[in-house]
Amino acid sequence: MGGKLFKNFSFLSATLSFFILVGIFAVLFSYAQEALHEFGIDFLYGETWEVDEDDEGGIFGGGIPIVGTLLSTLIAMVIAIPLAMGIAIFLTEIAHDKLVKPVSIAIELLAAIPSIIYGMWGLFYFAPIVQSTMGGNGVGLLTAGIVLAIMIIPFMAAITRDAMNTVPPVLKESAYAMGATTFEVVKDVVMPYAKGGIIGSIILALGRALGETMAVAFLIGSVMSIPSRITDPTTSIPVLLANNFAEAQDLEISAMYYLALILFVVSFALISLAKFYFFRKTV
């Protein structure tokens, strides 16, 4: 009796995430119907977001926030991946035992800081630095990408560190006994063995970066324009939704659900492709 109950509970727990995904998609798709019928596939390329207050309609396009979301995420991942890998390698292979614990605690504490604090810190610290070194007015795509990278580094570094700690010591000791350097041990032993965990950390960080709202809202500029330079202000899907949803009506609300649906599909597609492609390579 107990075994059957445990089996049924485990099955229900395992399938719950599937039903949640289907439920979220169904709700977003249902509320986006008006915008889907009005704008169709052209919504993906439209660069106008204007409300017509007379007939409570307007012209809405998601091209700019889609581009802003993808570019800010790309900048964040390019910065965060090598730094997170370096932190994990330092903690597992290089750092003295007395340093491992305090540095690990510091990394984990960074992950616990609320995103709005990162946004305020970036606005008053990184924005002036970017303005003085790169030009622009400080807020924009680059500033948002830098702070977004800092936000996802702790997640990536902590998971990668744990994955590298699973490498059997005998494998590393054998490599050192054959004359391998630390770099060679990391490259040829640790990284291949922990590849699954490393890729998993990158996928989780990618999901966090795609959906981040408050910190990016402080830093990206919230301007409906395609950036011509990396320092130019723009907007992203989460930022546009957070800024406009409370005052939106009728067609604009449906357009926002359309944007949310696009973000859901893009996130799901990117993470699924990364998972199936890279994990297939690890087998």
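Scroll up for the structure.
Because the structure is a prediction, the values reported are computed rather than measured. (Residues numbered from 1 in each chain as written. Predicted model: local features only at pLDDT ≥ 70, side-chain atom pairs only at ≥ 80, totals over all residues. Heavy atoms only, no water.)

Colleague: I would appreciate a short explanation of the overall build of the protein in the present structure.
Modeller: When you go through the protein residue by residue, the secondary structure sums to 12 helices and 2 strands. Evaluated residue by residue, the protein yields a buried proportion of 39% over its 283 residues. By sequence separation, contacts in the protein at least 24 residues apart represent 72% of the contacts at least 6 residues apart. As presented, the protein carries roughly 15,500 Å² of accessible surface, and 69% of it is formed by carbon and sulfur atoms. Put simply, the protein has 13 plus and 22 minus side-chain charges, and the middle of one group is 25 Å from the middle of the other. (Helix = DSSP H or I, 4+ residues; strand = E, 2+ residues; numbered from the N terminus. Buried < 20%, exposed > 50% of the residue type's maximum accessible area, 1.4 Å probe, protein only. Contact = heavy atoms within 4.5 Å. Areas by Shrake-Rupley, 256 points an atom, 1.4 Å probe, with all protein chains shown as cover. Lys, Arg positive; Asp, Glu negative; His and termini not counted. Charge placed at Lys NZ, Arg CZ, Asp CG, Glu CD.)

Colleague: Just checking my understanding: could you explain the side chain of Thr143 for this structure?
Modeller: Looking at the secondary structure, you find Thr143 in helix α6 (residues 141–164). Side-chain polar atoms of Thr143 contact the backbone oxygen of Gly138, separated by 2.4 Å. Those residues within four positions of Thr143 in sequence are excluded, and the remaining contacts are Gly122, Phe126, Ala127, Val130, Gly138 and Leu219. (Polar contact = N/O pair within 3.5 Å; in protein donor to acceptor, adjacent residues only side chain to side chain.)

Colleague: Can you walk me through the nonpolar core in this structure?
Modeller: Side chains that are nonpolar tend, in soluble globular proteins, to be buried together. By size, the foremost hydrophobic cluster in this structure holds 41 residues, and its most contacted members are Ile152 and Met156. Among the secondary structure elements, those contributing two or more residues to this core are α3 (63–94), α5 (115–134), α6, α8 (182–193), α9 (195–211) and α10 (214–219). If one sorts the elements of this core by residue count, α6 sits on top with 14 residues. Here Met156 is in contact with Met77, Ala80, Ile81, Ala84, Met85, Ser201, Ile202 and Ala205, once residues within four sequence places are set aside. Among the nonpolar cores identified, the runner-up in size contains 23 residues, and Leu28, Ala32, Trp49 and Ala255 belong to it. (Core = buried A, V, L, I, M, F, W, Y, C linked by side-chain atoms within 4.5 Å.)

Colleague: Just to check I follow, could you spell out the packing of aromatic side chains for this structure?
Modeller: Aromatic rings considered in pairs are described by the distance between their centres and by the relative angle of their planes. Counted under the stated rule, the structure contains 14 aromatic pairs. Ring centres of Phe43 and Trp49 lie 6.4 Å apart, and the angle between their planes is 65°; this geometry places the pair in the edge-to-face category. Both residues of the pair, Phe43 and Trp49, belong to the buried class. Taken together, Phe39, Phe43, Trp49, Phe60 and Tyr258 form an aromatic cluster joined through their ring pairs. (Phe/Tyr/Trp six-rings, centres within 6.5 Å; stacked < 30°, edge-to-face > 60°.)

Colleague: Help me out: how do you make sense of the side chain of Glu93 in this one?
Modeller: Inspection of the secondary structure puts Glu93 in helix α3. In this structure Glu93 comes out as buried when scored by relative accessible area, which is 16%. At a separation of 3.1 Å, a polar atom in the side chain of Glu93 contacts the side chain of Lys172.

Colleague: Please explain the packing of α3 against helix α4 (residues 97–112) as it appears in this structure.
Modeller: Between two packed helices, the angle of one axis relative to the other and the distance separating the axes together describe the packing. It is the contact of α3 with α4, at a shortest axis distance of 9 Å, that shows an interaxial angle of 150°. Classified by the interaxial angle, the pair formed by α3 and α4 is roughly antiparallel. When you trace α3 past α4, the crossing you get is left-handed. Mapping the contact onto sequence places Ile87, Phe90 and Leu91 in α3 and Leu99, Val100, Val103, Ser104 and Ile107 in α4. (Axes fitted to C-alpha atoms, helices over the stretch in contact; angles between N-to-C directions. Parallel < 35°, antiparallel > 145°, perpendicular 65-115°, else oblique. Left-handed = near helix turned anticlockwise from the far one by under 90°.)

Colleague: Looking at this structure, how should I read a nonpolar patch on the surface?
Modeller: Taken together, Leu110, Ile113, Ile116, Ile117, Met120, Phe124 and Met214 make up a surface patch of nonpolar side chains, about 610 Å² in accessible area. A per-element tally of the nonpolar patch places α5 first, with 4 residues. Residue classification places Met120 among the partly exposed positions, given a relative accessible area of 38%. (Patch = residues over 30% accessible without salt bridge, like charges linked within 9 Å, V, L, I, M, F, W, Y side chains within 5 Å. Salt bridge = Lys/Arg side-chain N within 4 Å of Asp/Glu carboxyl O.)

Colleague: Please explain unusual backbone geometry as it appears in this structure.
Modeller: Glycine aside, negative phi is the norm for most residues, and most peptide bonds take the trans geometry. Here the phi dihedral of Ser222 falls at roughly 55°; this positive angle occurs in a residue that is not glycine. Within the secondary structure, Ser222 is located in the loop between α10 and α11 (237–244). On the basis of relative accessibility, which here comes to 33%, the residue Ser222 falls in the partly exposed class. Located in the positive-phi region is Asp250, a residue other than glycine, with phi close to 50°. Note on Asp250: relative accessible area 36%, which makes it partly exposed.

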